[in-house]
Amino acid sequence: MRAIWKGAVSFGLVSIGVKVYSATEEKDIRFHQVHREDGGRIRYKRTCSVCGEEVTYDDIAKGYDIGGGEMVILTDEDFADLPLSTSHAIDVLEFVPAEQVDPILYNKAYFLEPEGSATKPYVLLRDALSDSERVAIVKVALRQREQLATLRVREGVLLLNTMLWPDEIRRPDFGFLDEDLKVRPPELAMASSLIDSMAGEFEPDAFTDDYRAALQEVIDAKVEGREVVQPEEEEAAPAAAVDLMAALKASVERARAARGEAPSGGGAEPTPISSARSAKKAAEKAPARKPAEKKAEPAKKTAAKKTPAKKAAEKKAEPARKTAAKKTTAKKTAAKKSA
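Residues numbered from 1 in each chain as written. Predicted model: local features only at pLDDT ≥ 70, side-chain atom pairs only at ≥ 80, totals over all residues. Heavy atoms only, no water.

Draft legend 1. Just the packing of aromatic side chains, in detail. In this structure the tally under the stated criterion is three aromatic pairs. On the numbers, 6.0 Å between centres and 85° between planes, the contact of Phe11 with Phe95 is edge-to-face. In this pair, Phe11 sits in strand E1 (residues 5-11) while Phe95 sits in strand E5 (residues 89-97), placing the two residues 84 residues apart along the sequence. The class for Phe11 is partly exposed, based on a relative accessible area of 26%. With a centroid separation of 6.3 Å and 20° between ring planes, the pair formed by Phe174 and Phe176 is classed as stacked. The side chain of Arg46 reaches across the aromatic face of Tyr57, ending 4.0 Å from its centre. (Phe/Tyr/Trp six-rings, centres within 6.5 Å; stacked < 30°, edge-to-face > 60°. Helix = DSSP H or I, 4+ residues; strand = E, 2+ residues; numbered from the N terminus. Buried < 20%, exposed > 50% of the residue type's maximum accessible area, 1.4 Å probe, protein only. Lys NZ or Arg CZ within 6 Å of the ring centre and 35° of its normal.)

Draft legend 2. Examining the sheet that holds strand E7 (residues 134-142) more closely. With respect to topology, seven strands assemble into a closed barrel ordered E1-E2-E6-E9-E8-E7-E5, the strand pairing being mixed. Shown here is a sheet whose adjacent strand axes are inclined to one another by a mean of 40°, direction ignored. Pairing geometry for E7 and strand E8 (residues 145-154), over seven bridges, is antiparallel. In the sheet register, Val140 faces E8, and the bridge partner there is Gln147. (Pairing = 2+ DSSP bridges. Axes fitted to C-alpha atoms, helices over the stretch in contact; angles between N-to-C directions.)

Draft legend 3. Molecular detail of the nonpolar core. Counting residues in hydrophobic clusters, the biggest one holds 21 residues, and the most contacted among them are Val9, Ile90, Leu112, Val138, Leu151 and Leu160. Contributing elements (two or more residues each) for this core: E1, strand E2 (14-22), E5, strand E6 (106-114), helix H2 (119-132), E7, E8 and strand E9 (157-163). The greatest single-element share of this core, amounting to four residues, is contributed by E7. By size, the runner-up hydrophobic cluster in this structure holds seven residues, among which are Val96, Leu105, Val135 and Ile137. (Core = buried A, V, L, I, M, F, W, Y, C linked by side-chain atoms within 4.5 Å.)

Draft legend 4. Representation of the environment of Pro186 within the structure. Along the polypeptide, Pro186 turns up in helix H3 (residues 185-197). As a C-alpha pair, Pro186 and Met245 span 59 residues in sequence and 8.2 Å in three-dimensional space.

Draft legend 5. Structural detail: the pairing of E1. By the bridge criterion, seven bridges tie E1 to E2 in an arrangement that is antiparallel. If you follow Ser10 over to E2, its bridge partner there is Ser15. Hairpin connection, E1 to E2: the antiparallel pair is bridged by two residues, and Gly12 has positive phi, about 65°. When E1 meets E5, the two strands line up parallel, connected through three bridges. Bridging from a neighbouring strand, Ser10 pairs with Asp91 of E5.

Draft legend 6. Structural view of the confidence of the model for the protein chain. Chain-level statistics for the protein chain give a pLDDT mean of 78 and a share of 71% at 70 or above. Long-range and interchain partners of residues 301-307, a stretch whose pLDDT sits below 50, account for zero contacts in this model, where long-range means more than four residues apart. (pLDDT = per-residue confidence, 0-100. Contact = heavy atoms within 4.5 Å.)

Draft legend 7. Summary view of unusual backbone geometry. Phi angles above zero are rare outside glycine, and Glu133 is one such case at about 55°. Among the secondary structure elements, Glu133 is positioned in the loop between H2 and E7. Among the residues examined, Glu133 registers a relative accessible area of 67% and is labelled exposed. Here the phi dihedral of Glu155 falls at roughly 50°; this positive angle occurs in a residue that is not glycine. Residue placement: Glu155 occurs in the loop between E8 and E9.

Draft legend 8. Inspection of H3 at higher detail. Its 13 residues place the ends of H3 18 Å apart at the C-alpha level, agreeing with the 18 Å of an ideal helix rising 1.5 Å per residue. Among all positions in H3, only Glu187, Met190, Leu194 and Ser197 are buried. End-on view of H3: buried residues confined to an arc of 85°, all on one side of the axis. Residues of H3 that are exposed and angled more than 90 degrees away from the buried face: Pro185, Leu188, Ile195 and Asp196. Each element contacted by the buried residues of H3 is listed here: helix H5 (244-258). (Expected span 1.5 Å × (residues − 1). Arc of directions from axis to C-beta.)

Pasting the structure below:
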């Protein structure tokens, strides 16, 4: 990382030398404008609307339009004479509870690194901030603009969050705010139940920029000359619900199913989600009988095989019975003759 600013944190009579680094970076995929026919870069020239000449950066000044076609021109010398007491300092104004700072005020984040021998007072301020559970309200001038900011601790490092001024926050002016809309208690209870069923711990690493990943895949495929594999289509968003309670119930069931929880019991009306799950369970149970039937089939065949075998055994035994009967008759005849 490269330091973008050097100065000092003024903490009472203590001065802590620091370097300032950007704490965030944009990961957007950037493109150049090119000529579709040959891929040539499109260049823009800075030309004067009065004389038509191309102007270099050295000849460019800042102009403020006062209306009526009149322009006030400000040069670098005009800006240099402005009284910026915080030009090289981060002045601590007060310490406030962190929850009192509305997140909408936050703008950009910067890391502060101690410079030279300022490590010990830096660590002292860091630990004192952590123990107090407060943030420091400071003023700092970055890029010739004085800004309000906070100092807090993140992962053992002082973090400077520049803020918007209160008059830079727009006020919402929407018609529905003046309407007398009533929310029924059952609807509010069901909405609260939905919030509870979707509650969790925020883990930033669990979320990814799917669009950027898909776009990078398209670029890589173009570079390698291979076919682009289209990502799977996401489930279409449901149409706007007419019955708010039915939509809330279905949403609760979906959230519970996603967590692997049992659907709500009792005599509640079946929702689209619960009905679908019941149908799925019935479909899963139906084929479960087939294996038992298949197991019974071989048993029947075996029994059928045993019957012909039994008959064959009886046929084989029949001549033996006849022979035995003949022997018995011969014995009886011999006995009569001897008598």
